[in-house]
Amino acid sequence: LPVVLQFVNKHRGKRLLIHCDRGDTCAPAIVAAMIAVFFEGGTGINLERLPRPPLCKEDLRKALATVQRYHPFCAVPRRIMQQLNLFFVTVGGGWSRWQAVDESPEAAYNPG
């Protein structure tokens, strides 16, 4: 997830194709994570403040609801949502250490 977010941050403003084998589990979860990180309430790209303040479970639920509105047959498994929650919501999780400044894949995740 950190490498994906770094890639998206590097290519902001361009079209991206996000896919997985079935198209209804992993890809929608990644898109929901991208919406939670890079968009504020679905109104526009949040270019000024990256990384955003800490996210909560409700932010991730709203982002997934946005994905499901356009892709109604997606079924993100509970375990994948739990992984997103661990990354974004848990204190000291990956989101709290993610930096959007260095564009190298090796620096996308800085464990501290």
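Refer to the structure above for everything that follows.
Residues numbered from 1 in each chain as written. Predicted model: local features only at pLDDT ≥ 70, side-chain atom pairs only at ≥ 80, totals over all residues. Heavy atoms only, no water.

So, the overall build of the protein
(1) Moving on: Assigned secondary structure in the protein consists of five helices and zero strands.
(2) Moving on: Starting at the N terminus and walking to the C terminus, you meet the elements of the protein as α-α-α-α-α.
(3) Moving on: Taken over 112 residues, the protein has a buried fraction of 35%.
(4) Moving on: Put simply, 67% of the contacts in the protein that link residues at least 6 apart link residues at least 24 apart.
(5) Moving on: Taken as a whole, the protein presents about 7200 Å² of accessible surface, with 55% of it coming from carbon and sulfur. (Helix = DSSP H or I, 4+ residues; strand = E, 2+ residues; numbered from the N terminus. Buried < 20%, exposed > 50% of the residue type's maximum accessible area, 1.4 Å probe, protein only. Contact = heavy atoms within 4.5 Å. Areas by Shrake-Rupley, 256 points an atom, 1.4 Å probe, with all protein chains shown as cover.)

Comments concerning the pattern of salt bridges
(1) Moving on: Applying the stated rule across the entire model yields two salt bridges.
(2) Moving on: Here Glu58 and Arg61 are joined by a salt bridge, their closest N and O atoms 3.3 Å apart. Of this pair, Glu58 and Arg61 both sit in helix α3 (residues 57–70), separated by three residues, roughly a single helical turn.
(3) Moving on: With relative accessibility at 47%, the residue Arg61 sits in the partly exposed group. (Salt bridge = Lys/Arg side-chain N within 4 Å of Asp/Glu carboxyl O.)

Quick look at the packing of aromatic side chains
(1) Moving on: Here the structure, examined in full by the defined rule, presents one aromatic pair.
(2) Moving on: Measuring from ring centre to ring centre gives 4.9 Å for Phe87 and Phe88, while their planes differ by 90°; the resulting arrangement is edge-to-face. For the pair formed by Phe87 and Phe88, the shared burial category is buried. (Phe/Tyr/Trp six-rings, centres within 6.5 Å; stacked < 30°, edge-to-face > 60°.)

As for the packing of helix α2 (residues 26–38) against helix α4 (residues 78–88)
(1) Moving on: Running from N to C, α2 and α4 cross one another at 30°; their axes reach a closest spacing of 10 Å. The orientation of α2 with respect to α4, classified from their angle, is roughly parallel. As for how α2 packs across α4, the hand of that crossing is right-handed. On the side of α2, the interface is formed by Cys26, Ala29, Ala33 and Val37, while α4 contributes Ile80, Leu84 and Phe88.
(2) Moving on: Classifying every residue of the contact of α2 with α4 gives seven nonpolar, no polar and no charged. (Axes fitted to C-alpha atoms, helices over the stretch in contact; angles between N-to-C directions. Parallel < 35°, antiparallel > 145°, perpendicular 65-115°, else oblique. Left-handed = near helix turned anticlockwise from the far one by under 90°. Nonpolar A, V, L, I, M, F, W, Y, C, P; charged D, E, K, R; others polar.)

Examining helix α1 (residues 2–10)
(1) Moving on: All buried positions along α1 are accounted for by Pro2, Leu5, Gln6, Val8 and Asn9. The buried residues of α1 occupy one face: seen down the axis, they fall within an arc of 165°.
(2) Moving on: Close packing links the buried residues of α1 with α2, α4 and α5 (94–97). (Arc of directions from axis to C-beta.)

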